[in-house]
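# Geometric and topological summary
So the chains spell out like this:
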Amino acid sequence: MIENLAELKSLGTIDADVCLIGGGAAGITIARQLAGSALRVCLVEGGSLKYETESQELFDGQNVGQPIALEGGRLRFLGGTTNHWGGRCAMLDAADFRARDWLPHSGWPLDRAELEPYYARARAVAGFTQEWQSDAQTLALLKVAPPDLNADLIRPYLWHYAPATKDAGVWNWRIAYRKVLEDAPNVRVLLNANFQSFTTDGPGRRVQALAVRSRNGVGATITARRFVLCSGGIENARLLLLGAADRPGAFGNAHDLVGRYFMQHSRGPAGLLVSAERLSRLQEQFNVLLGPDGLEYEVGLTLAPAVQAQQGLLNCSAVLQYQGDPESGVATAQEIWRGLLGGHWPPQMGEKVWRVASDLGAFARSVEQRLASGHSLAADGAQGVPSRSAVILVDLEQAPDPQSRISLADERDALGLRRVRTDWRLGERERRTAAAFMGLIASEFARLGIGRCRLEPWLQDGGPPMGDALGETYHYIGATRMAEDPREGVVDRNGAVHGMDNLFVAGSSVFPTGGHTNPTLTIVALALRLADHLSK
Amino acid sequence: MAPVLKKRAVLGRLSRTGMGARRAFVGATLGGLAGLWLARRAAPWAPARPAVLRALAPAFADPHAMAEVGALYLAAHPAEADAAVLARALCAAGAGFDPSGLVRQIAGDWREQRTVAILGWVFARTEARLCAWMHLEGNAP
């Protein structure tokens, strides 16, 4: 059942077995998993079924470090931030889970093998109907024969794109699972139910009730045996800090760890690859490619774990963003086509037609690729356009840093709660990782005669700060980190908040380290694992 | 070429006999070693411009650019701003100075990540040194 708190006169108290606070990837996954079970589940979502500016504004806050798009990077309605999810899926590497002696505060309390069965189930939740094959098998299916890279240095990396939900460009949790939530007899979803406060027992070990309120003032109380914060990488920490503000030392903050080790993948251009020849072969190897199963895949590069260990580096990956050759027949045909669509006859038409005619092979391949991937000839972008250069975009893991943190600002939101303050900090290790990775890509591409690379200024001596060159990915990680020792983390290996009997956290905020890849699949895998734990 | 010529000279003098021959041997050996030392100290080779151009062809279409990159390399590595030092550095890499040797040496640099970044462009170290040689020798047209 899905109800809108803002449209009810009053609701009183809801008694549940499990109360999920937040309706994004983690909250919906747990609710879906518990649907049909004997447990009474109540999911409270601060937003409604669609984007609303007034609700979204509640996400605003204060940046005192590296800027973060607090309002734009997250979405506050059912489905949460997955409402702008790109569908890019991959598992964290096995090495990401291990303690790395060169990386302080690294190491998960569980390993990749333990998470494997949940990854398999997470793929189904993310819309994949078939089991993933090995990377080598998938590359063969895609007819990709990667260049002969030295795999001890850099190697191909594969992402899978989730299939699109009907009526959406990509897999969308809200669309995919709304009906499940509506129909499940044991699941009650309250929309526009914004967090107000927790009530705890005397010692502050047990959450007894959660008070919620709509923006128009309708209140409700949820009592439950267990509460799970599923509010996103930043909000999870904020809600714990709001709880701890009333009860210092409670809500997992006995060791002042809530909000610390806040991380994000940084993404941005690290270099430019240029070649005297067209990069046609490379475009068929490293790109977003359509598989015979109708799904899209992306092939990029990653840094070998041995190099990370030898040089004390972080994990990272790169993809190539091709720059269409404006002189190519395809680009010229695009120019003609757009001109004709715009109602004007392009100048120097004869020369342009000749250029298309003399590049007919590449033109035909491009049209074929564009048709297969649903891009029209008029669409912008270098899809299928032969290229002589490509921007190398890197995704960087961030090193855990206790000084990089989330705290509470003095300013209050429209509901009277203190807003979030972020002090996101990037370190020299991230820059050093990108420089080493780019150096290896440059060496390998030159060795193989693919092309030459120029490093972006932020990787050069005396260049601008890294933070000015890299962008956000909205992958907010680490602020309620997982560790067996309460002095090292906020939650234990099951997501239970240290020092609390019935409060759990789900989402990327529990990742002690984040690898380089998109976190959604791991969020879902951990949510499924937590759902199993809650079912016991 | 120089070391080979000296060796021939030493072998010629060894055909004599007796004390004179021993003196001649010692003299010739010392002379040969001195010659070798002087030869290496000065410039053990004179890389043919076509060989350099061929080795640098994958990176450069314009010899002017080679010399400019060479100047920047030397600004960052002032200790190599001397033709003899540069020649020794190239020589120490051991691939020889014929065109295919230089190409092999550059390939080895890529394999072993012996690279330098100049204005952000990543070059094999041998490429950068050949550019520096072009600059020092004033070989840019």
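Everything below is about the structure shown above.
No experiment lies behind these values; they were computed from the predicted model shown.

A separate point is the overall build of chain A. Regarding its fold elements, chain A presents 15 helices and 20 strands. Here chain A has a C-alpha radius of gyration of 25 Å; the compact-globule value for 536 residues is 24 Å, and the two agree. Considering only C-alpha atoms, chain A reaches an extent of 80 × 55 × 45 Å along its principal axes. Taking contacts inside chain A between residues at least 6 apart in sequence as the whole, the part at least 24 apart equals 74%. Accessible surface for chain A amounts to roughly 20,700 Å². Of this, 50% is attributable to carbon and sulfur atoms. Here chain A contributes 54 positively and 59 negatively charged side chains, and the mean placements of these two sets differ by 3 Å.

This part covers the environment of P146 of chain A. Residue and element names in this part refer to chain A. You can see P146 is positioned in the loop between α5 (135–141) and β6 (154–161). By relative accessible area, which is 31% here, P146 ends up partly exposed. Sequence-wise, P146 and P156 are 10 residues apart; in three dimensions their C-alpha atoms are separated by 7.3 Å.

All names here are of chain B. At a minimum axis distance of 10 Å, the contact between helix α5 (residues 83–92) and helix α7 (residues 125–136) shows a crossing angle of 155°. Classed by the angle they form, the pair α5 and α7 counts as roughly antiparallel. Two packed elements cross with a definite hand, and for α5 against α7 that hand is left-handed. Contacts from A83, L86, A89 and L90 of α5 reach α7 at T126, R129, L130, A132, W133 and L136. Its residues assigned to classes, the contact of α5 with α7 shows eight nonpolar, one polar and one charged.

Residues and elements named next belong to chain A. Residues other than glycine seldom take positive phi values, yet K143 does so here, at roughly 60°. Within the secondary structure layout, K143 lies in the loop between α5 and β6. Residue K143 is classed as exposed on the basis of its relative accessible area, which comes to 75%.

Take the nonpolar core next. Core analysis: the biggest nonpolar cluster contains 175 residues, and I30, W173, L210, V228, F445 and L503 of chain A have the highest contact counts within it. Excluding residues that lie within four positions of it along the chain, W173 of chain A makes contacts with A25, I28, T29, T82, W85, V125, A126, R178, T520 and V524 of chain A.

Below, the discussion takes up helix α3 (residues 49–56) of chain B. Residue and element names in this part refer to chain B. Considered for burial, the residues of α3 that qualify are A51, V52, A55 and L56. Projected down its long axis, α3 shows its buried positions confined to an angular sector of 125°, all on one face. Those residues of α3 that are buried are in contact with α4 (63–76), α6 (99–112) and α7.

Contact residues are listed per partner, giving 12 residues for chain A and 13 residues for chain B. Overall, the association of chain A and chain B removes approximately 1,100 Å² of surface from exposure, summing both partners, and the carbon and sulfur fraction of that is 64%. With a closest N to O distance of 2.4 Å, E127 of chain B and R452 of chain A form a salt bridge. Residue assignment for the side of chain A that touches chain B shows that the elements contributing at least two residues are α13 (428–447) and β18 (452–455) of chain A. If one sorts the elements of the side of chain A that touches chain B by residue count, α13 of chain A sits on top with five residues. Along the lines of polarity and charge, the residues of the side of chain A that touches chain B split into seven nonpolar, two polar and three charged.

Procedures and definitions
Residues numbered from 1 in each chain as written. Chains lettered and ligands numbered in written order. Predicted model: local features only at pLDDT ≥ 70, side-chain atom pairs only at ≥ 80, totals over all residues. Heavy atoms only, no water. Helix = DSSP H or I, 4+ residues; strand = E, 2+ residues; numbered from the N terminus. Rg over C-alpha atoms; globule rule 2.2 N^0.38 Å. Contact = heavy atoms within 4.5 Å. Areas by Shrake-Rupley, 256 points an atom, 1.4 Å probe, with all protein chains shown as cover. Lys, Arg positive; Asp, Glu negative; His and termini not counted. Charge placed at Lys NZ, Arg CZ, Asp CG, Glu CD. Buried < 20%, exposed > 50% of the residue type's maximum accessible area, 1.4 Å probe, protein only. Axes fitted to C-alpha atoms, helices over the stretch in contact; angles between N-to-C directions. Parallel < 35°, antiparallel > 145°, perpendicular 65-115°, else oblique. Left-handed = near helix turned anticlockwise from the far one by under 90°. Nonpolar A, V, L, I, M, F, W, Y, C, P; charged D, E, K, R; others polar. Core = buried A, V, L, I, M, F, W, Y, C linked by side-chain atoms within 4.5 Å. Arc of directions from axis to C-beta. Buried area = accessible area lost by both parts, 1.4 Å probe. Salt bridge = Lys/Arg side-chain N within 4 Å of Asp/Glu carboxyl O.

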